[in-house]
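Structural overview for review
Listed below, chain by chain, are the residues.
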Amino acid sequence: MARRKKAEEMATRVRNLLAMDAAGIMRRLEARRDEMFALFSRLRSREPLLGTISSRYATGAFEHLIHLSEQEQAVVDHFYERLDELRWYFTYTEDMPGTAQQIFSKLHKRLEESYRVLVVTLGPPVPPDGARVVDVQAVRHEGASSETALDRPAAPTRRRRA
């Protein structure tokens, strides 16, 4: 039982590290999108493009990833495969900046979709303050004899911190 609990704790930590890495990549892509192409155009350097998509946890050990379920492994692999497509393009493109930005938009949309699936599968990363964000929604129970606060129409779903 203790071994199983330790394995699940390890899987939880691996999920969080992967979620943090993916969130960081997506956040940098969004924040630097325009600037990285302006720098690419002006400096003719690929570093602004490649630095933006660098992975902090790219050296994750296989021994740690085996703690994830097969479905989680497949989702993680798919996200990093999409990221690798973007990295390959940035590394070897001979396109002019305008064309590179158009190709990036297509590849970025594919990466965003993979990221959405990753977040749904692994969960969002734990924020630095340790508070988890959860969706809260009232549920109606049929067969209740008297109306209670939970039985009344609920306000739209809101995100709250646990």
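A brief structural summary. Quantities reported herein were computed from a predicted structural model and do not represent experimental measurements.

1. A short note on the overall build of the protein
- Looking only at helices and strands, one finds five helices and two strands in the protein.
- Overall, the protein shows an N-to-C arrangement of helices and strands of α-α-α-α-α-β-β.
- Looking at the 162 residues of the protein, the share that counts as buried comes to 28%.
- In the protein, 76% of the contacts between residues at least 6 apart in sequence involve partners at least 24 apart.

2. A few points about the packing of helix α4 (residues 70–92) against helix α5 (residues 97–122)
- Where α4 contacts α5, the two axes come as close as 9 Å, and the packing angle between them is 165 degrees. With respect to each other, α4 and α5 are oriented roughly antiparallel. By crossing handedness, the relation of α4 to α5 is classed as left-handed.
- Each residue belonging to the contact of α4 with α5 can be placed in one class, and the counts come to 16 nonpolar, four polar and four charged.

3. Considering the nonpolar core
- The biggest cluster of nonpolar side chains holds 28 residues, and the ones touching the most others in it are L29, F37, F79, L86 and F90.
- Among the elements of the structure, α1 (2–43), α4 and α5 are those that each provide at least two residues to this core.
- Ranked by the residues each element gives to this core, the list is headed by α1, at 11 residues.

4. Some details on the environment of Y89
- Structurally, Y89 is set in helix α4.
- Along the backbone, Y89 and L50 are 39 residues apart, and their C-alpha atoms lie at a distance of 9.8 Å.
- In this structure the side chain of Y89 is engaged in a polar contact, spanning 2.5 Å, whose partner is the side chain of D95.

5. A word on the environment of P97
- Locating P97 in the fold gives a position in helix α5.
- Along the primary structure P97 and L39 are separated by 58 residues, whereas in three dimensions their C-alpha atoms are 9.5 Å apart.
- The contacts of P97, once residues within four sequence positions are left out, are F37, F40, S41 and R44.

6. Comments concerning the pattern of salt bridges
- Taken as a whole and assessed by the stated rule, the structure comprises six salt bridges.
- Linked through salt bridges whose partners overlap, the residues forming this network are E8, R15 and E72.

7. A look at the packing of α1 against α5
- Remark: α1 packs on α5, axes separated minimally by 11 Å, with the N-to-C direction vectors making an angle of 165 degrees. The angle between α1 and α5 places the two elements in the roughly antiparallel class. In this structure, α1 crosses over α5, and the sense of that crossing is left-handed.
- Looking at the contact of α1 with α5 residue by residue, the classes come out as 16 nonpolar, three polar and five charged.

Analysis parameters
Residues numbered from 1 in each chain as written. Predicted model: local features only at pLDDT ≥ 70, side-chain atom pairs only at ≥ 80, totals over all residues. Heavy atoms only, no water. Helix = DSSP H or I, 4+ residues; strand = E, 2+ residues; numbered from the N terminus. Buried < 20%, exposed > 50% of the residue type's maximum accessible area, 1.4 Å probe, protein only. Contact = heavy atoms within 4.5 Å. Axes fitted to C-alpha atoms, helices over the stretch in contact; angles between N-to-C directions. Parallel < 35°, antiparallel > 145°, perpendicular 65-115°, else oblique. Left-handed = near helix turned anticlockwise from the far one by under 90°. Nonpolar A, V, L, I, M, F, W, Y, C, P; charged D, E, K, R; others polar. Core = buried A, V, L, I, M, F, W, Y, C linked by side-chain atoms within 4.5 Å. Polar contact = N/O pair within 3.5 Å; in protein donor to acceptor, adjacent residues only side chain to side chain. Salt bridge = Lys/Arg side-chain N within 4 Å of Asp/Glu carboxyl O.

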